[in-house]
Amino acid sequence: MKNTILILLLVFGLFACEDNDSYFDASIPQENVSFEAIPGGAIMRYTLPENTDIFAVRAEYEDYKGKKMIKIASYAYDSLVLDGFNEARNNVPVRVSLLNQGNEVSKAMEFTFNTQDSGPVAFFNDIEVLPYWDGFQVKYKVPGAATGLCNVFFIGTNPMTKELDTLLLETFAIEAGENVKYFSLAQKREVNTIVVKTEDFRGNVAMQKIYEGVASYNVEKLDPSNFEWLDPFSLSVENDNQGFMVGWKYLFDGDVKGSRKLAFQESWGSTMPPANMYSFVTLPYAVNKPDAPKYFILDIKEPKQVSSIRMYGMLNLNSMTKPSVFVTCYGTMLPNDVTIYASNDKDDNNSWVKVGNFYQSLTAAVPWIQRAGDVDGTTKIKTTTELEVVEPCYLTVNFSVDNPPYRYFKVEFNSVFKKIPNQYYENTTERVTLHEVEVYGK
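All of the points below concern the structure found in this document.

How each quantity is defined
Residues numbered from 1 in each chain as written. Predicted model: local features only at pLDDT ≥ 70, side-chain atom pairs only at ≥ 80, totals over all residues. Heavy atoms only, no water. Helix = DSSP H or I, 4+ residues; strand = E, 2+ residues; numbered from the N terminus. Rg over C-alpha atoms; globule rule 2.2 N^0.38 Å. Buried < 20%, exposed > 50% of the residue type's maximum accessible area, 1.4 Å probe, protein only. Contact = heavy atoms within 4.5 Å. Areas by Shrake-Rupley, 256 points an atom, 1.4 Å probe, with all protein chains shown as cover. Lys, Arg positive; Asp, Glu negative; His and termini not counted. Charge placed at Lys NZ, Arg CZ, Asp CG, Glu CD. Polar contact = N/O pair within 3.5 Å; in protein donor to acceptor, adjacent residues only side chain to side chain. Pairing = 2+ DSSP bridges. Axes fitted to C-alpha atoms, helices over the stretch in contact; angles between N-to-C directions. Phe/Tyr/Trp six-rings, centres within 6.5 Å; stacked < 30°, edge-to-face > 60°. Salt bridge = Lys/Arg side-chain N within 4 Å of Asp/Glu carboxyl O.

### Brief notes about the overall build of the chain
Check the secondary structure of the chain and you find four helices and 25 strands. Taking 22 Å as the expected radius of gyration for a compact globule of 442 residues, we find that the chain reaches 32 Å, considerably beyond that expectation. By its C-alpha atoms, the chain is 100 × 50 × 50 Å across when sized along the principal axes. Buried residues in the chain amount to 49% of all 442 residues. If you take every contact in the chain between residues at least 6 apart in sequence, the share linking residues at least 24 apart comes to 72%. Surface exposure of the chain reaches about 22,000 Å², of which carbon and sulfur atoms provide 49%. Positive and negative side-chain charges of the chain, numbering 41 and 56 respectively, have mean locations separated by a distance of 5 Å.

### Brief notes about the side chain of glutamine 360
Relative to the elements of secondary structure, glutamine 360 occurs in the loop between β21 (353-359) and α4 (384-389). We classify glutamine 360 as buried; its relative accessible area is 18%. At 2.8 Å, the side chain of glutamine 360 and the backbone nitrogen of tryptophan 368 are in polar contact. Discounting chain neighbours no more than four positions away, the residues touching glutamine 360 are Asn336, Val366, Pro367, Trp368 and Phe417.

### Some details on the pairing of strand β7 (residues 109-113)
The alternating pattern of β7 places Met109, Phe111 and Phe113 on a buried face, while none of Glu110 and Thr112, on the opposite face, is buried. Bridge analysis of strand β6 (residues 92-99) against β7 gives five bridges, and the strand direction is antiparallel. Bridge pairing links valine 96 to methionine 109 in β7.

### Side note on the sheet that holds strand β12 (residues 177-184)
Taken in spatial order, the three strands make up an open sheet running β8-β9-β12, and their pairing is antiparallel. With partners counted over all chains shown, the strands left at the sheet margins are β8 (127-132) and β12, one partner each. Neighbouring strand axes in the sheet, compared pairwise and without regard to direction, differ in orientation by 20 degrees on average. Relative to strand β9 (residues 135-142), β8 is paired through six bridges, and the arrangement is antiparallel. Considered in β9, the bridge of valine 129 is made with valine 138.

### Quick notes on the packing of aromatic side chains
Counted according to the given criterion, the structure contains 25 aromatic pairs. Judged by centre distance (5.0 Å) and plane angle (20 degrees), the rings of phenylalanine 136 and phenylalanine 183 are stacked. Taken together, the positions of phenylalanine 136 in strand β9 and phenylalanine 183 in strand β12 put the pair 47 residues apart, joining distant regions of the chain. You can call phenylalanine 136 buried: its relative accessible area is 0%. Assessed through its relative accessible area of 6%, phenylalanine 183 is described here as buried. Aromatic rings pair up to connect Phe35, Tyr61, Phe85, Phe111 and Phe113 into one cluster.

### With respect to the sheet that holds strand β19 (residues 306-313)
Strand order in the open sheet formed by four strands is β15-β25-β19-β22, and the pairing between neighbours is antiparallel. Only two strands of the sheet have a single neighbouring strand rather than two, namely β15 (220-221) and β22 (393-398).

### Brief notes about the pairing of strand β3 (residues 56-62)
The buried fraction of β3 amounts to six of the seven residues, a majority that puts the element mostly inside the structure. By the bridge criterion, seven bridges tie β3 to strand β4 (residues 68-74) in an arrangement that is antiparallel. Looking at the pairing, glutamate 62 lines up with lysine 68 of β4. Hairpin connection of β3 to β4: five residues between the antiparallel strands, including glycine 66 at a positive phi of 85 degrees. Bridge count between β3 and β6: five bridges; the pairing is antiparallel. Its bridge partner lying in β6, alanine 59 is registered against valine 96.

### A few points about the pattern of salt bridges
In this structure the tally under the stated criterion is 17 salt bridges. Residues glutamate 430 and lysine 289 are paired through a salt bridge, measuring 3.4 Å at the closest nitrogen-oxygen approach. Placement of the pair is glutamate 430 in the loop between β23 (406-416) and β24 (433-434) and lysine 289 in the loop between β17 (280-281) and β18 (296-304), with a sequence separation of 141 residues. You can call glutamate 430 buried: its relative accessible area is 12%. A salt bridge links aspartate 347 to lysine 346; the shortest N-O distance between them is 3.4 Å. Take aspartate 347: its relative accessible area is 63%, and that puts it in the exposed class. With relative accessibility at 30%, the residue lysine 346 sits in the partly exposed group. Three or more residues joined by partner-sharing salt bridges are found here, namely Glu228, Asp299, Lys301 and Arg407.

Such coordinate-based values are descriptive only and should not be taken to indicate function.
The following block contains the structure:
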């Protein structure tokens, strides 16, 4: 029955614009029709009279472009959405009539309705384009229902023509509530010109605004030569003997992939080399627990406005020999949950402020450790030449641009991957490893 009604309503829509000398003798009392303004249109609510011949309600009006709109609803409903508007409008004329099953139309009744700004227009009522690390951020707040798309552009160098052009960064669906979109640009400038353009789902442009002179907080990797990795709980394994080469100093030696270990292995030819790691590893049970706090403190020696901290894992080297302080499956020692606090007085417990967190589910389809040691046999790297061309694997903890400069960063490893699918060995003692740490800021 429901499908039959829909088919009949479609037929009515096809013939709705035709003249028809046969009228259906029915009407709705004025007081039985009301309109509620909504974003991009209005809801027409109605109560039909007790007339079993009424089959549908029809509303005819013009949208914001002057296009004739006809909306038809079954007698089984009590409301009809009148859409097709962007900026808010008042007193939009609408003709309301009734239809019977013979496609006869009643005499039209005249009404008016108001609309609210549509989602693509309301988007600009509460928007800020602000500086961000190596780019900018778009903060917006859309109350109620949200519709439409937003296109974000910047004025930059077109890689094809080598001339200035308006370049699209992203198109995204506008979401209700408070939202932030972050954009870091490969083309670094001190200030940027940003173009924000919204459109409805029909592809019509609703509104466009240009934001000039948006500062960019351009960052770089900070020099780690004086960094210290403080160890209040004496968890770091420090051993520079052959067959080990582990300690916190290797976190800042510039090797983000495992180059030193692979070069050392290759230098021994076909002979089994000592298991030198040139890396950082902890004693058992270094994971932070509510009832047993554990953490490290990164001292960058002077207050800096830090944008992010990267933590690297060693890549999946072929014949990856490891000393006894490592568990059999290297990847199970890498963290999936990290919290970072900052302070300028490491001895004042009340001065620490939470500035960032990284979390990835243990069941993530493609975890950040996918190409790390012992995780996936298909990612094995056999030679230095192969190692040079692949990207490193790392997690990133991002910080707000609103943070002041800080010197000390407390690092809590709240969880490690511990058990990896298709791997027999587990990190039951919750040792933690990292291969390199990089700090970015200005």
